[in-house]
Amino acid sequence: MMSRRRFLACSLFLPALAWLAAWRPARGHGAGPALVAMRGTARGERVWFEPAGLWIPQGATVRFVNEDAVNVHTATAFHPDLHGRERRIPAGAPPWTSELLLPGEHYDVVLDQPGVYDYYCLPHAAHGMVGRIVVGTPEDAQWTHESYYQSTRTNGMPGTFPELNGVLATRSRHASG
Amino acid sequence: MLSHSRFAALAACSVFAACTYAGDATSPHLTAAPAAPYAKVSSLVKLPDFIPGLGTLYVDPSTLPAGPFLGYDRDGRLSATIYMVPIKALQNGESWDALKTGDARVDSVDIYYNAGHPGVEEPHVHVVLFHDAAARARLAGK
């Protein structure tokens, strides 16, 4: 029969073990690339980027991971060179896009220029699957404010970008992560 | 003499059977991949080989976007026939009539919205005909 001491030890140890198994490192720049998951419901009724808004420091890497078991996705910057969309990345920043990513595949992009990067999923443009990455802060010397930074909608596509200030407010979490 | 309801049921069955892809329960496509012009969907567009909920899909490309798509389980058994119907086209008055089925035997039907995927990018409806009682469970696995 289990002693009281052993029972107590087990009752403390097992939950701690379960917590450790479930623990994932903070999704900040200190723990490798910042992650954006491509997600969807089991039947594909809804698709989205998570988090929809992400702050990273200048020069950090963002990794897009397809965690949707039933669909493929892209991460595609808004830029005239990519399917004729309006430019919603800082002037002079190179446009970027992933290939179609199968479940489990990922795509990395390094963002060097401070500012706001809006992106979407090519096969789910009609569904409004969009996201926003803010690189650096308005205090950075290279930060050049552009009008689209304050807009949360784009022409000809459903979907809403997170507010710039809301994304900037998450940076303290990353700084301590 | 046939009762009215039995006659109606038989008539419905015969119409349904007339629309099937290959007629009878011994057709080879029930236990193996269908012959051309059907092609594996994952060879036509970038999609997983096996899609949980739908299985391994085959389609005659000339019937896109509606299909029928034939859904096979991991053992190569035809388990479902799927139609993918764009909502905007329906709203604009388009219709799809007398579509074929992979098998005349249908146990149950699921209908749900889909946001889009390569092959049928625009928001559409999936109509899934499961051909036996265990088909849904066989197609659900990853």
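These numbers were taken from a predicted model, which means no experiment stands behind them.

Draft legend 1. Broad picture of the overall build of chain B. Summing up its helical and strand segments, chain B has four helices and six strands in all. Summarising the internal contacts of chain B: among those between residues at least 6 apart in sequence, 57% fall at separations of at least 24.

Draft legend 2. Quick peek at the UniProt feature "domain: Blue (type 1) copper" (unreviewed entry) in chain A. What UniProt calls "domain: Blue (type 1) copper" (unreviewed entry) maps, in this numbering, to residues 41-135 of chain A. For residues 41-135 of chain A, the helix share is 0%, the strand share is 37%, and the end-to-end C-alpha distance is 29 Å.

Draft legend 3. Representation of the interface of chain B and chain A in the model. Across the boundary between the two partners, chain B contributes 17 residues, which contact 17 residues of chain A. Here the residues of the side of chain B that touches chain A sort into nine nonpolar, four polar and four charged.

Draft legend 4. Examining the confidence of the model for chain B more closely. Residues and elements named next belong to chain B. Summarising the model, chain B shows a mean pLDDT of 85, and 81% of its residues fall at 70 or more. Low pLDDT, under 50, characterises residues 1-19; the predicted model gives this stretch seven contacts beyond four residues in sequence or across chains. Note on the complex model: pTM 0.79, ipTM 0.75.

Draft legend 5. Examining the sheet that holds strand E3 (residues 53-56) of chain A more closely. Strand order across the open sheet formed by four strands is E3-E8-E7-E5 (chain A), with mixed pairing between neighbours. The open sheet terminates on both sides in strands that have one partner only, identified here as E3 and strand E5 (76-77) of chain A.

Draft legend 6. Spatial organisation of the environment of Pro114 of chain A. All names here are of chain A. Looking at the element boundaries, Pro114 is found in the loop between strand E6 (106-111) and strand E7 (115-120). Classification of Pro114 as buried rests on a count of 21 C-beta atoms within 10 Å. Between the alpha carbons of Pro114 and His83 there is a distance of 24 Å; along the sequence they are 31 residues apart. Discounting residues that sit within four places of it in the chain, Pro114 has contacts with Gln58, Val135, Gly136, Asp140, Gln142 and Trp143.

Draft legend 7. Representation of unusual backbone geometry in the model. Along the chain, Glu50 of chain A connects to Pro51 of chain A via a cis peptide bond; the corresponding omega equals 0°. Summarising the element assignment, Pro51 of chain A is placed in the loop between strand E2 (47-50) and E3. Of note, the bond from Gly67 of chain B into Pro68 of chain B is cis; its omega dihedral lies within 30 degrees of zero at 25°. With respect to the secondary-structure elements, Pro68 of chain B resides in the loop between strand E2 (56-59) and strand E3 (69-72). Its identity is not glycine, yet His83 of chain A carries a phi of approximately 65°, on the positive side.

Draft legend 8. Region of interest: the sheet that holds E2 of chain A. All names here are of chain A. Across the sheet, four strands lie side by side as E2-E1-E4-E6; this open sheet has mixed pairing. Single-partner strands in this sheet number two, and they are E2 and E6. Direction aside, the axes of adjacent strands within the sheet are offset by 20° on average. Judged from the five bridges that link them, strand E1 (residues 34-40) and strand E4 (residues 60-66) form a sheet pairing that is parallel. Within E4, the residue paired with Ala34 across the bridge is Val62.

Draft legend 9. Examining the pairing of E2 of chain B more closely. All names here are of chain B. Burial along E2 is two-sided: the residues Thr56 and Tyr58 and Leu57 and Val59 are all buried. Sheet topology places strand E1 (residues 39-40) next to E2; two bridges connect them, and they run antiparallel. Residue pairing in the sheet places Ala39 in a bridge with Val59 of E2. With four bridges joining them, E2 and E3 adopt antiparallel strand pairing.

Draft legend 10. Focus on the nonpolar core. Core analysis: the largest hydrophobic core is formed by 65 residues, its most contacted members being Ile56 and Val62 of chain A. When residues of this core are assigned to their parent elements, the largest contribution, six residues, is made by strand E4 (residues 78-86) of chain B. Among residues more than four places away in sequence, those in contact with Val62 of chain A are Pro33, Ala34, Val36, Leu54, Ile56, Val109, Leu111 and Ile133 of chain A.

Basis of the calculations
Residues numbered from 1 in each chain as written. Chains lettered and ligands numbered in written order. Predicted model: local features only at pLDDT ≥ 70, side-chain atom pairs only at ≥ 80, totals over all residues. Helix = DSSP H or I, 4+ residues; strand = E, 2+ residues; numbered from the N terminus. Contact = placed C-beta atoms within 7 Å. UniProt positions renumbered as here; feature names shortened; annotations may be inferred. Nonpolar A, V, L, I, M, F, W, Y, C, P; charged D, E, K, R; others polar. pLDDT = per-residue confidence, 0-100. Pairing = 2+ DSSP bridges. Buried ≥ 20, exposed ≤ 12 C-beta atoms within 10 Å, placed from the backbone. Axes fitted to C-alpha atoms, helices over the stretch in contact; angles between N-to-C directions. Core = buried A, V, L, I, M, F, W, Y, C linked by C-beta atoms within 7 Å.

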